[in-house]
Amino acid sequence: MDIATATTAEPAVTANTDTPALELEHVSYSYSKGGKRVLIDKNYVFRTGRVISITGPSGAGKTTLLSLLSGLTTPTKGRVLHNGEDLAKADRYRFRSHDIGVIFQSFNLLPALTVAENIILSMDASGKTFDKPKKEIAAELIEKVRLQPEYLNERILHLSGGEQQRVAIARALSYDPQIILADEPTGNLDLATQDDIMTIFKDLAHNEGKCVIIVTHSPEVAAQSDEVFQLAPLRER
Amino acid sequence: MFVLNNAWKTVIRNKGRNILIVLIVAIIAAAATIGLAIRNAASTARETGLANTSVTATISVDRSKLMEQARESQSSSSSDSSDSSSSGDSTPDFDSMRSALEGSSLTLADYQKYEKASSVSVSSYYSESTGVSGTDSFQPVETSTANAANSSSSDSSSDSSNSGDGQQGPGGDGKGQGGGPGNMMTSGDFTLTGFSSDTAIANASNGSFTMSSGEVFGYDESDNGKVIISKTLADFNNLSVGDTITVTNPSDTSLTYTLTICGIYENSTSSNTNAMGPMGGTSQDADNAIYTSVSTLKSLGLDSDTTANDDNDDTTTQLNYTYVLANADDYETFAADVKAAGLDDTYTVQSADVEQYESSLVPLDNLAKFALTLLIVVLVVGAVVLVVLNLFNIRERKYEVGVLTAIGVKKAKVAAQFVIELLIVTMCGIALGVAGGAVASVPVSNQLLASQVSAQESEASSQQQQFGRAADMGGGPGGEQQSSSSSSDSSSSSSSSDSSSANSSSDSAGSTKSNNTQQGGPGGMRQAVNYVSEINATVNLAVVGQLILIGLGLTLISALVGIVFVMRYEPLQILADRS
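Residues numbered from 1 in each chain as written. Chains lettered and ligands numbered in written order. Predicted model: local features only at pLDDT ≥ 70, side-chain atom pairs only at ≥ 80, totals over all residues. Heavy atoms only, no water.

S.K.: Help me out: how do you make sense of unusual backbone geometry in this one?
M.R.: A negative phi holds for most residues other than glycine; trans holds for most peptide bonds. Residue and element names in this part refer to chain A. A positive phi angle is found at Asn-83, which is not glycine, with a value near 50°. Mapped onto the fold, Asn-83 is located in the loop between β4 (77-82) and β5 (85-86). Positioned with a positive phi, Asn-108 is a non-glycine residue whose angle comes to about 55°. Among the secondary structure elements, Asn-108 is positioned in the loop between β6 (100-103) and α3 (115-126). Look at Asn-108 and you get buried, because its relative accessible area is 1%. (Helix = DSSP H or I, 4+ residues; strand = E, 2+ residues; numbered from the N terminus. Buried < 20%, exposed > 50% of the residue type's maximum accessible area, 1.4 Å probe, protein only.)

In structure tokens, the structure reads:
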């Protein structure tokens with residue numbers, strides 16, 4: 001909690017472990033109406049203070065689940081609950097900017113901006129107020145994801161994949177969300193860095209009480225997490 | 001705040017492209033500024049030019065219709081031999097034309113009827129002029145040697161000068177068209193002009209004058225018989241205030257009129273004298289103008305009503321009736337009212353002031369039209385360019401839209417950011433363009449106006465030549481410039497030949513008839529119009545305001561592309577997008 005202290009109106013659930021942060025309730029999803037269903041009747045509770053891995057073979061609907069959990073889209077059937085509230089009816093832009101930090105597989109950083117600008121952009125977008133200058137918070141985050149401080153004013157273009165990965169994590173943490181959602185966070189990294197990143201995630205969950213959800217097909221990552229949500233391959237029809 | 005900040009940062013970040021857009025917008029804005037400034041200045045000039053000045057108007061016959069009639073009657077009727085003897089070039093049938101024109105002049109009562117028909121306040125003045133001949137004791141001032149030689153014997157002198165008038169008579173219109181007080185073609189040695197009021201005298205054809213001794217006559221009957229004469233004429237005949245002079249009827253020398261000199265005046269402007277000098281007879285010389293009141297003319301039986309009604313065609317008096325209106329708007333109302341009061345189609349209400357002003361505005365109008373075209377073209381091209389640029393811009397930034405929406409920035413905010421970015425850039429461009437346009441608009445618009453004026457002038461001169469040709473065919477009004485040199489030759493030659501032949505009566509009859517009908521000569525066409533050649537196309541706040549509105553409009557139109565694009569963007573797409 002010493003990285004960014006947010007003064008939000010959110011209920012103070014962050015410190016409590018075992019509080020349901022996100023719940024899936026009979027969630028089904030198909031991209032087009034009446035089309036092929038990617039997810040069928042999924043139920044799961046994502047609690048704070050845990051690292052949860054979502055695994056499954058290709059085509060099992062991992063990315064779809066990610067977009068449902070991050071509020072980029074809504075299920076065709078069932079509900080996604082955030083702190084007991086239906087995400088489909090909530091302001092999902094506010095949810096994305098406030099309550100969840102998403103680390104996309106392709107990072108989705110703005111290449112023309114510097115590291116610091118990318119991080120501060122997310123902080124600005126959250127609309128939260130911070131008790132320290134944003135630049136300072138960004139510097140601390142960069143240190144936390146183990147990047148050199150001089151990276152702050154480097155453009156994203158000039159960074160390697162692993163470095164971009166860390167910047168993406170730093171950005172996801174910058175506005176102190178309750179939930180961290182990572183899509184294949186270790187896919188581009190060597191084993192040592194992979195462990196490094198996992199240490200950061202575990203630290204976030206266990207010491208800061210965040211709900212860390214990792215979408216991965218790496219058995220090592222799954223083994224290091226507290227829970228594994230196994231998505232079975234679709235066997236429709 | 002987030003939107004503004006982000007927009008500003010993005011603008012700063014993309015310097016290259018934005019400078020390009022700023023330049024394009026600046027050029028568009030500069031052109032639009034000049035266009036707007038010209039239109040503004042033109043409309044201001046039009047509105048204020050005649051707003052507060054009084055306008056004089058006259059009623060005159062429709063020139064073109066009469067010319068047409070004259071030409072038709074010329075082809076059908078046989079030519080008059082007496083005319084052809086004195087004129088070398090084509091011999092139009094003056095008499096037939098004159099008879100066609102005769103009776104077209106309005107009477108004093110008609111004029112006054114129309115004045116009463118007006119719904120706006122209108123004042124009027126009029127003058128009547130006729131020719132009288134001198135006697136042995138009272139001779140006209142003469143400048144031309146030909147005329148001087150002729151005037152030694154009184155009879156032939158008056159006749160010959162009359163005939164001279166007859167040939168060139170209709171061309172002597174130096175001043176306003178539409179029967180303005182400039183076109184008195186009167187046979188005789190002197191022009192005896194009766195005025196209705198001081199205003200009428202002030203607008204006398206020979207220009208303004210000052211009294212050197214005595215005073216101006218009154219206008220009621222008690223002052224009948226009193227005249228004022230020019231100082232030159234007084235000196236020439238060794239006359240002073242209080243003396244009496246005797247003049248005769250030009251066609252009947254036994255008919256004499258005795259007049260008392262109550263004042264001697266000095267012309268302060270004499271340009272008309274020079275212009276007419278070689279063309280007319282001595283009566284055309286401003287120095288030979290005798291001024292009196294209309295009441296005097298009436299008492300002598302020389303007023304227009306009497307001369308028009310009597311059977312003797314030899315003496316005619318020309319009536320110049322002028323209405324004075326408060327401003328140009330009143331003039332328009334007056335013209336409509338007069339038409340409603342039953343003025344025939346062959347008559348038109350004309351105002352030399354308004355028409356001269358209108359024609360002086362022709363280049364300005366053309367310029368305003370040009371400015372409008374420029375404005376439209378520039379704005380359309382500008383809008384298209386901006387839309388295209390913005391389209392490419394937005395497509396390029398699709399990924400950015402995705403990232404922003406994915407991290408939870410609302411689409412409306414993203415769209416607003418894009419619009420604000422564009423606004424910042426276009427406003428910079430407009431500011432630069434307005435500054436540039438403001439600096440350039442005055443010299444550029446005056447340059448453009450100068451070219452319009454010269455184009456108009458060359459057009460006018462070709463029109464003048466064309467009209468001169470038409471005038472030859474019609475036999476009536478020759479152009480002032482063209483006819484002056486040749487007519488002076490023919491004047492002396494014809495007067496010498498005429499003095500031997502005794503055909504003076506028919507000639508002078510013809511010429512006096514033409515005097516009567518010749519009011520409203522086409523002088524206005526030939527008069528060099530003093531075009532408005534300077535406009536004050538400075539950029540004022542109104543222009544800046546209009547430009548900012550235009551800029552906002554253009555920006556919104558081009559931003560619409562971006563807004564539509566952003567609004568249709570699905571945040572989910574970001575999972576598939578990777579730059």
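S.K.: Honestly, α3 of chain A in this entry has me stumped. Any pointers?
M.R.: At 3.6 residues per turn, the α-helix brings residues three or four places apart onto the same side. Between its first and last C-alpha atoms α3 of chain A spans 17 Å; for 12 residues at 1.5 Å apiece the expected length is 16 Å, and the two agree. Buried residues dominate α3 of chain A, accounting for 11 of its 12 residues. Regarding α3 of chain A, the residues found buried are Val-115, Ala-116, Asn-118, Ile-119, Ile-120, Leu-121, Ser-122, Met-123, Asp-124, Ala-125 and Ser-126 of chain A. On its buried face, α3 of chain A is in contact with α2 (92-98), α4 (134-144) and α5 (161-174) of chain A together with α1 (2-13) and α17 (398-406) of chain B. Phi turns positive, to about 75°, at Gly-127 of chain A, one or two residues after α3 of chain A. (Expected span 1.5 Å × (residues − 1). Contact = heavy atoms within 4.5 Å.)

S.K.: Any chance you could explain the interface of chain B and chain A here in plain terms?
M.R.: Accessible area lost during the coming together of the parts is what is often quoted as the interface size. Tallying the contact residues gives 21 residues for chain B and 26 residues for chain A. Buried surface at the junction of chain B and chain A, summed over both partners, amounts to about 2,000 Å²; 64% is from carbon and sulfur atoms. Three residues, Arg-13, Ile-407 and Leu-575 of chain B, lead the burial of chain B against chain A; their summed loss comes to 29% of the area buried on that side. Where chain B touches chain A, the interface holds 1 salt bridge. Along the contact surface separating chain B from chain A lie 5 residue pairs in polar contact (both at pLDDT 80 or more). For the side of chain B that touches chain A, the element with the most residues is α17 of chain B, which contributes 6 residues. (Buried area = accessible area lost by both parts, 1.4 Å probe. Salt bridge = Lys/Arg side-chain N within 4 Å of Asp/Glu carboxyl O. Polar contact = N/O pair within 3.5 Å; in protein donor to acceptor, adjacent residues only side chain to side chain.)

S.K.: Explain the nonpolar core to me, please; I cannot follow it from the model alone.
M.R.: Residues and elements named next belong to chain A. Among the nonpolar cores identified, the biggest contains 50 residues, and Leu-24, Phe-46, Ile-54, Leu-69, Ile-213 and Phe-229 are the most heavily contacted of them. For Phe-46, the residues in contact, after removing those within four places along its chain, are Thr-19, Pro-20, Ala-21, Leu-22, Leu-24, Ile-52, Ile-54, Leu-69, Cys-211, Ile-213 and Phe-229. Residues Phe-130, Leu-152, Leu-173 and Val-212 belong to the second largest nonpolar core, which totals 39 residues. (Core = buried A, V, L, I, M, F, W, Y, C linked by side-chain atoms within 4.5 Å.)

S.K.: Before we go on, may I ask you to explain the UniProt feature "transmembrane region" (unreviewed entry) in chain B in this structure?
M.R.: Residues and elements named next belong to chain B. Here the UniProt-annotated "transmembrane region" (unreviewed entry) positions come out as residues 20-38, 370-393, 414-439 and 547-569. Taken end to end, residues 370-393 is 100% helix and 0% strand, and its two terminal C-alpha atoms sit 34 Å from one another. Secondary structure content for residues 414-439 is 100% helix and 0% strand, and the end C-alpha separation is 38 Å. (UniProt positions renumbered as here; feature names shortened; annotations may be inferred.)

S.K.: Teacher, can you tell me more about the pairing of strand β7 (residues 179-183) of chain A here?
M.R.: Regular strands place their side chains on alternate faces of the sheet. All names here are of chain A. Here β7 lies mainly inside the structure; 5 of its 5 residues are buried. Neither face of β7 is left uncovered, since the one carrying Ile-179, Leu-181 and Asp-183 and the one carrying Ile-180 and Ala-182 both have all their residues buried. With 4 bridges connecting them, β6 and β7 associate as parallel partners. If you follow Val-102 over to β7, its bridge partner there is Leu-181. Note: β7 against strand β8 (residues 211-215), 5 bridges, orientation parallel. Bridging across to β8, Leu-181 finds its partner in Ile-213. (Pairing = 2+ DSSP bridges.)

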